[in-house]
Amino acid sequence: VQLQASGGGLVQVGGSLRLPCAASGRTFSDYAMGWFRQAPGKEREFVAAIYWSGGFTYYADSVKGRFTISRDNAKNTVYLQMNSLKREDTAVYYCVAPKNSGRGVPRSPNAIDYWGKGTLVTVSS
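The following refers to the structure shown. (Residues numbered from 1 in each chain as written. Predicted model: local features only at pLDDT ≥ 70, side-chain atom pairs only at ≥ 80, totals over all residues. Heavy atoms only, no water.)

**Structural notes on the packing of aromatic side chains**
Logical step 1: Throughout the structure, instances matching the rule amount to eight aromatic pairs.
Logical step 2: Between Y51 and W52, the aromatic rings sit 4.6 Å apart at their centres with planes inclined by 10°, giving stacked as the arrangement.
Logical step 3: Under the relative-accessibility criterion, W52 is labelled partly exposed at 26%.
Logical step 4: Aromatic side chains F56 and Y58 sit 5.7 Å apart centroid to centroid with 35° between the ring planes, which places their arrangement in the tilted category.
Logical step 5: Residue class for F56 comes out partly exposed when judged on its relative accessible area of 41%.
Logical step 6: With a relative accessible area of 14%, Y58 lands in the buried category.
Logical step 7: Linked through ring pairs, F36, F46, Y51, W52, F56, Y58, Y94 and W115 together constitute an aromatic cluster. (Phe/Tyr/Trp six-rings, centres within 6.5 Å; stacked < 30°, edge-to-face > 60°. Buried < 20%, exposed > 50% of the residue type's maximum accessible area, 1.4 Å probe, protein only.)

**With respect to the state of the cysteines**
Covalent bonding between the sulfur atoms of two cysteines defines a disulfide.
Logical step 1: If you walk through the whole model with that rule in mind, you get one disulfide.
Logical step 2: Disulfide pairing places C21 opposite C95 at an S-S distance of 2.1 Å. Judged by the sign of its S-S torsion, about -85°, the cystine formed by C21 and C95 is left-handed. Here C21 is found in strand β3 (residues 17-24), whereas its partner C95 is found in strand β9 (residues 91-97), with 74 residues between them in sequence. For the pair C21 and C95, one class covers both residues: buried. (Disulfide = S-S within 2.5 Å. Helix = DSSP H or I, 4+ residues; strand = E, 2+ residues; numbered from the N terminus.)

**Points about empty space enclosed by the protein**
Logical step 1: Under the counting rule described, the total for this entry stands at one cavity of 30 Å³ or more.
Logical step 2: If you add up the space inside the largest cavity, you get close to 60 Å³.
Logical step 3: Considering the residues around the largest cavity, the lining is formed by V1, L3, A23, S24, G25, R26, F28, Y31, M33 and A97.
Logical step 4: Taken together, the residues of the lining of the largest cavity sort by class into seven nonpolar, two polar and one charged. (1 Å grid on protein atoms, 1.4 Å probe; cavity = no way out; pocket = protein on both sides within 12 Å on 5 of 7 lines; lining within 4 Å. Points joined across faces, edges and corners; volume = space filled by probe spheres on them. Nonpolar A, V, L, I, M, F, W, Y, C, P; charged D, E, K, R; others polar.)

**Digging into unusual backbone geometry**
Logical step 1: Not every positive phi belongs to a glycine, and N76 is a case in point at roughly 55°.
Logical step 2: Note on placement: N76 falls in the loop between β7 (67-72) and β8 (77-82).
Logical step 3: Backbone geometry at S84 places phi at a positive 50°, although glycine is not the residue there.
Logical step 4: Along the polypeptide, S84 turns up in the loop between β8 and β9.
Logical step 5: By relative accessible area, which is 40% here, S84 ends up partly exposed.

Next up, the structure:
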């Protein structure tokens, strides 16, 4: 399973950014997908996840109402739309996936099976 996140960069406080993650190596539409992040000096933390059909999503409280996760199964891509960005959103963002189909993305980083290379998001004032 290959996960390739992109779209990171420098953005001002209050701005928006969209992160795509392209997946390959298996039937994308059978698996949940998610995003984690790691801020400087902190542990990796759950951000958002979406079920295989796209019909169910869940978020960390810190991003609820500002971030939206979505997926395009025809393009094998999951997206993280980030609005109203804050300085504390500065982090490396990782695309993640579980090994088994029909299961959600755990909120614990220790339980994640597949990690993509991260993309850095820097929010500055």
